[in-house]
Amino acid sequence: MGSCQSTSSDSAADRSRAIERHLKEDKDASKKEVKILLLGTGETGKSTVLKQMKLIHKIGFTPDEIANFRSALVLNLLSCAKELMNAMDKLKIPYGFDPTQVVSASRQITESSLDQWSTDPSNTSRTNSCDNESFDAPTIRRRTARFAEVASASSELFMSAGGSENRTGEVAAAAAIIRSMDPSMVLSGTTISSKLISSIKLLWRDPGVQYCVSRAAEYQLMDSCPYVMENIDRICCPDFTPTDPDILAARIMTTQIREIRFKVHAHLFCVYDLGGQRSERKKWMAFFDNVKAFIYMVAISSYDQTCFEDSQTNRITESLNLFHSLTHHPALKKTCIILFLNKIDLFKEKMKVSPLVEYFPEYKGLGDYESGALYFERTFRDENPFSERDIYTHFTWATDTSNISRVMENVTMALLRAACENLGLI
Ligand SMILES: Nc1nc2c(ncn2[C@@H]2O[C@H](COP(=O)(O)OP(=O)(O)OP(=O)(O)O)[C@@H](O)[C@H]2O)c(=O)[nH]1
Ligand SMILES: [Mg+2]
């Protein structure tokens, strides 16, 4: 009996020691675990960065994921075509409309109307270089005036031809074919007919449609539109298997949280990709426990666009408000903040044609890429309420693997460095 008692108390003690050991191991493991959240408003590139991490750490994609990307690319293609046709009606642009003809006819008027403005001594002409192009304030103003004139010429032509109801010609016929297709056929695996493919190609080549693309800030068009349109033959092939660039271009709005894990110097990094649309942000709070860092993504190219959710709020304003609430959130007080000012490739191009000052009047730069990027960096950094907490900033191009590899190497090293240890993060 006695020996029996001693055996059971021995095994109880063993069990309790084992539990303690497990708890300690768990604690040590969680100390070594670096939990990172990818946050930001919708379409800023969070899932694209997660895909890049999978490529960089050779995690790869499952056959199911690849099949999803394939259908997403076809769906992206069809919804871009429909979005463009709707925008042609909304912006009153006739098919076949050639903006260059309006520009040459109106150049004289535009130049003279700008003379007064450009000779005003308070508007000193300042020049700056960006990608070998010269920019000065009158040039920017001239471009904008030109756009307004082209837009009014386009809508006059559209109305005089009888509006959207009376569109004629081969592009209008192609548009009718595209309108009649049912997107559910993509999900059911039906092959896209050659008639539909040639109709979309015809639509995409139309100069009026290309002009409509240049006004994409006035409606909602996904950034990967040119990519999917230019790769239509490959994407619609029955045996199409997406390549890495295809996967990075595919747009799937995140509604299910995704997680990846990889090791760097014995530390386990767990990265969570959360949906950024307004309805998805309700899920975020549940992930704030034990988070060591969050990567906040901003699509700086979206400064002239409105939110997908309401088509009214400026996308950067929405992003700034969200960033403000995160930097001031008590649960994230000790969290390291990494800011990705993303889509710099699109931002560079857009700064040449769309004056930043028209959307952010407090911007006092020269209208060039560098000053615009620095302006957004300063604006976001100003949202940090704690001087002892730094914000690590990176200018990123999320669809470019070499850019993201370089940036992620810096990010992981920064997280492992003393800067974060000082804050008790690792
Ligand atoms: N050109 C360009 N396209 C980008 C860049 N980053 C992301 N994209 C594209 O932008 C689109 C949206 O990217 P996602 O990664 O799905 O955005 P998200 O932040 O995950 O969006 P939600 O899931 O809605 O929160 C995709 O088609 C990407 O290919 C970039 O730096 N440059
Ligand atoms: Mg996403």
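For every chain, the first residue of the written sequence is number 1, and numbering continues from 1 onward in sequence order. Note on labels: chains are lettered from A, ligands numbered from 1, in written order. Local features in a predicted model are, by the rule used here, given only for residues with pLDDT of at least 70; side-chain atom pairs are given and counted only at 80 or more, and totals for whole chains, interfaces and linings are based on all residues. In computing side-chain values, all of the structure's heavy atoms are included and hydrogens and water are not.

(A) Structural detail: unusual backbone geometry. Non-glycine residue Glu-43 carries a positive phi angle of around 65 degrees. To qualify as a helix, a DSSP run of H or I must reach at least 4 residues; to qualify as a strand, a run of E must reach at least 2; elements of each kind are numbered from the N terminus. Mapped onto the elements, Glu-43 comes out in the loop between strand E1 (33–40) and helix H2 (46–56). The exposure class of Glu-43 is buried, given its relative accessible area of 17%. When a residue's accessible area, from a 1.4 Å probe over protein chains only, is under 20% of the maximum for its type it is buried; when over 50% it is exposed; and in between it is partly exposed.

(B) Highlighting the coordination of the magnesium ion (ligand 2). The donor set comprises N, O and S atoms within 2.8 Å of the metal, extended to 3.2 Å for Na, K and Ca; water molecules are omitted, so apparent gaps in a site may simply reflect that omission. Surrounding the magnesium ion (ligand 2) are the protein donor atoms Ser-47 (OG) and Thr-254 (OG1), which sit 2.0 to 2.1 Å from the metal. Here Ser-47 is found in helix H2, whereas its partner Thr-254 is found in the loop between helix H12 (244–249) and strand E4 (258–264), with 207 residues between them in sequence. Neither Ser-47 nor Thr-254 differs from the other in exposure class; each is buried.

(C) How the structure looks around helix H9 (residues 207–214). Every buried residue of H9 is listed here: Gly-208, Val-209, Tyr-211, Cys-212 and Val-213. Between N or O atoms, a polar contact is any pair within 3.5 Å; within protein, one atom must be a potential hydrogen donor and the other a potential acceptor, and residues adjacent in sequence are included only when both atoms are from side chains. In this structure Asp-206 caps H9, since a side-chain oxygen of it lies 2.9 Å from the backbone nitrogen of Gly-208.

(D) Structural context of the packing of aromatic side chains. Between 30 and 60 degrees the pair is tilted, below 30 it is stacked and above 60 it is edge-to-face, where a pair is any two Phe, Tyr or Trp rings, Trp via its six-membered ring, whose centres lie within 6.5 Å. Throughout the structure, instances matching the rule amount to 15 aromatic pairs. A ring pair is formed by Phe-262 and Phe-269, whose centres lie 5.6 Å apart and whose planes are at 5 degrees; its orientation type is stacked. There is no split in this pair, since Phe-262 and Phe-269 are both buried. Connected via pairs of aromatic rings, a cluster forms that spans Tyr-303, Phe-347, Tyr-359, Phe-360, Tyr-363, Tyr-369, Tyr-375 and Phe-376.

(E) Main features of the pairing of E4. Strand direction decides the pairing type here: E4 and strand E5 (residues 267–273), joined by seven bridges, are antiparallel. When the sheet's bridge partners are listed, Arg-261 is paired in E5 with Cys-270. In this antiparallel pair of consecutive strands, E4 and E5, the connection spans two residues, and His-265 shows a positive phi of 45 degrees. Following DSSP output, two strands are said to pair if at least two bridges run between them.

(F) Layout of empty space enclosed by the protein. Using only the protein atoms, space was sampled on a 1 Å grid; points where a 1.4 Å probe fits but cannot get out form cavities, open sets with protein on both sides within 12 Å along at least five of seven lines form pockets, and lining residues are those with an atom within 4 Å of a point. Grid points are joined across faces, edges and corners, and a volume is the space filled by probe spheres set on the points. Considering all chains together, one arrives at four cavities of 30 Å³ or more under this definition. Here the largest cavity defines a volume of roughly 70 Å³. If you go around the largest cavity, the residues you meet are Thr-41, Gly-42, Glu-43, Gln-277, Arg-281, Cys-307, Phe-308, Glu-309, Arg-315 and Glu-318.

That's the geometry; what it means functionally is another story.
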